[in-house]
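Fold and geometry: a report
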Amino acid sequence: MNVLITGINGQDGSYLAELLLELGHNVHGIVRRNSQSENQTSRIEHIRHQLNLYYGDLTDFASIITALKKSEPQIVFNLAAQSHVKISFEQPVYTMQATGLGFLNLAEAVRIINPAIKIFQASSSEMFGNSSDGDGFQRELTPFAPVSPYGIAKLMAYQTAINYRDSYNMFVTNGIFFNHESPRRGTNFLTNKVCKTAVEISQGKTDALVLGNMHTRRDWGHSKDYVKAMWALMQLEKPTDAICATGITHSVGDVVDHVFGRLKLNRTQHLRTDRKFERPTEILSLCGESSKLRNLTGWKPEISFEQMLDEMVDYWIKELN
Ligand code: NAP
Ligand code: G4F
């Protein structure tokens, strides 16, 4: 099968590309032009010789058409996005263009070229904002109430996916994914910032970890587990909208405690807060209920929160040595 991945050089894109190669598929991907081309492909360098890469951008309709024509995919995974919530407050217009309108560009290009191509959209728990059911969980029917430009852009894409499914009978599936991490996570996201900085402190390279809001809670899983869910969802007979989450929530403080505990670092000595890392509006707690996905596909997360953080710490110990 030919499979096209937008955002192939991102965290999830790189793990999904590995999974698809293992399954024997032809993997195609869109990458953006970068003035330092080696930075662009660092997460996929080890498999690059097995990939077909095309320059493109979700905001550039023509480049999507070209990539679809060259790759002739049966499935497109749309993983490309301006995916950083805090940065979406600094670049709201661009975030709407890339993360919201970008998906419309892709769906419309698929409709024009070959509406039989199946589309996976990486939707986000950020769409829920501070909305939850009475028991604190978010489910597929929990009302959306996004509180960031990123969440709003993702909601635009989510609704567009449903509209293309209903209007044109296209196979468009939304995976509503809760936070997922790995050593390949950008180091300006919470978990990898904590792991990398804590290892630097333990090696005497820096003195303090400086964070924003310490009390927010997230449902953190591992990216490797979550790309398996993406693939499983696309094997179903019918398109759907499904939550992918562990169902366990931890605070920012829990992440720090686990990582500092592992490295025997003292929180009073090495942890500071600075409002510059806070957002204008914030989601207090995310915890996903993913029984729909589990019942439909048999998927369940295999890597625990603690194992994931340990893997990330080990990665940085090796990398920074
Ligand atoms: P990521 O590491 O930030 O990767 C995003 C990818 O999108 C990168 O390859 C990036 O390329 C590419 N990209 C950004 N803007 C683009 C544009 N205008 N045109 C084409 N490509 C563009 O994100 P991730 O963690 O792998 O997440 C994958 C997807 O899942 C994203 O859509 C994200 O919003 C969504 N999601 C993630 C999580 C999570 O916790 N990780 C949860 C829910 C949903 P460059 O390298 O050139 O920037
Ligand atoms: O790691 P984060 O930046 O992830 P956030 O904002 O939850 O978004 C991630 O998950 C979404 C799914 O829910 C994705 F859709 C999105 O693409 C992205 O992958 O922040 C996690 C929490 C937040 O509450 C944040 O305010 O950690 C808090 N935090 C505290 N100090 C910090 C920091 N976050 C970052 N990035 N940096 C800090 O210094």
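Criteria and cut-off values
- Residues numbered from 1 in each chain as written.
- Chains lettered and ligands numbered in written order.
- Predicted model: local features only at pLDDT ≥ 70, side-chain atom pairs only at ≥ 80, totals over all residues.
- Heavy atoms only, no water.
- Buried < 20%, exposed > 50% of the residue type's maximum accessible area, 1.4 Å probe, protein only.
- Helix = DSSP H or I, 4+ residues; strand = E, 2+ residues; numbered from the N terminus.
- Pairing = 2+ DSSP bridges.
- Near = heavy atom within 4 Å.
- Polar contact = N/O pair within 3.5 Å; in protein donor to acceptor, adjacent residues only side chain to side chain.
- Areas by Shrake-Rupley, 256 points an atom, 1.4 Å probe, with all protein chains shown as cover.
- Nonpolar A, V, L, I, M, F, W, Y, C, P; charged D, E, K, R; others polar.
- Domains from an automatic or database assignment.
- Contact = heavy atoms within 4.5 Å.
- Buried area = accessible area lost by both parts, 1.4 Å probe.
- Salt bridge = Lys/Arg side-chain N within 4 Å of Asp/Glu carboxyl O.

Observations concerning the pairing of strand β5 (residues 118-124)
- Summarising burial for β5: six of the seven residues are buried, a large majority.
- Strand direction decides the pairing type here: strand β4 (residues 75-78) and β5, joined by four bridges, are parallel. By the bridge assignment, V76 is partnered in β5 with I119.
- Note: β5 against strand β6 (residues 172-177), six bridges, orientation parallel.

Here we look at the site of ligand 2
- Around ligand 2 there are 23 residues in total, and S124, S125, Y150, R279 and E282 lie nearest to it.
- Measuring from an oxygen atom of ligand 2, one finds a backbone N or O atom of L190 at 2.8 Å.
- Here an oxygen atom of ligand 2 sits 2.8 Å away from a polar atom, N or O, in the side chain of T216.
- In the complex, 96% of the free accessible area of ligand 2, which totals 720 Å², lies under the protein chains.
- Classifying every residue of the shell around ligand 2 by side-chain character gives eight nonpolar, nine polar and six charged.
- Both domains that meet at the shell around ligand 2, namely domain 1 (2-180 + 222-244) and domain 2 (187-217 + 250-286 + 304-320), each give it at least three residues.

A look at the domain arrangement of the chain
- Here the chain is partitioned into domain 1 (2-180 + 222-244) and domain 2 (187-217 + 250-286 + 304-320).
- A separation of 27 Å is found between the C-alpha centroids of domain 1 and domain 2.
- Contacts between the two partners involve 15 residues from domain 1, matched on the other side by 15 residues from domain 2.
- Interface area, domain 1 with domain 2, both sides summed: about 1,300 Å², of which 58% is carbon and sulfur.
- Across the domain 1-domain 2 interface, the total number found is zero salt bridges.
- At the junction of domain 1 with domain 2, the criterion picks out seven residue pairs in polar contact (both at pLDDT 80 or more).
- Per-element accounting of the side of domain 1 that touches domain 2 gives the leading share, four residues, to helix α4 (residues 85-90).
- The class makeup of the residues in the side of domain 1 that touches domain 2 is five nonpolar, eight polar and two charged.

Some points on unusual backbone geometry
- Unlike most non-glycine residues, N169 shows phi in positive territory, near 60°.
- Among the structural elements, N169 can be located in the loop between α6 (149-168) and β6.
- N169 sits in the exposed class, given a relative accessible area of 72%.
- Phi is positive for K264, which is not a glycine, with a value near 55°.
- Within the secondary structure, K264 is located in the loop between α9 (252-263) and α10 (267-270).
- Residue K264 is classed as exposed on the basis of its relative accessible area of 75%.

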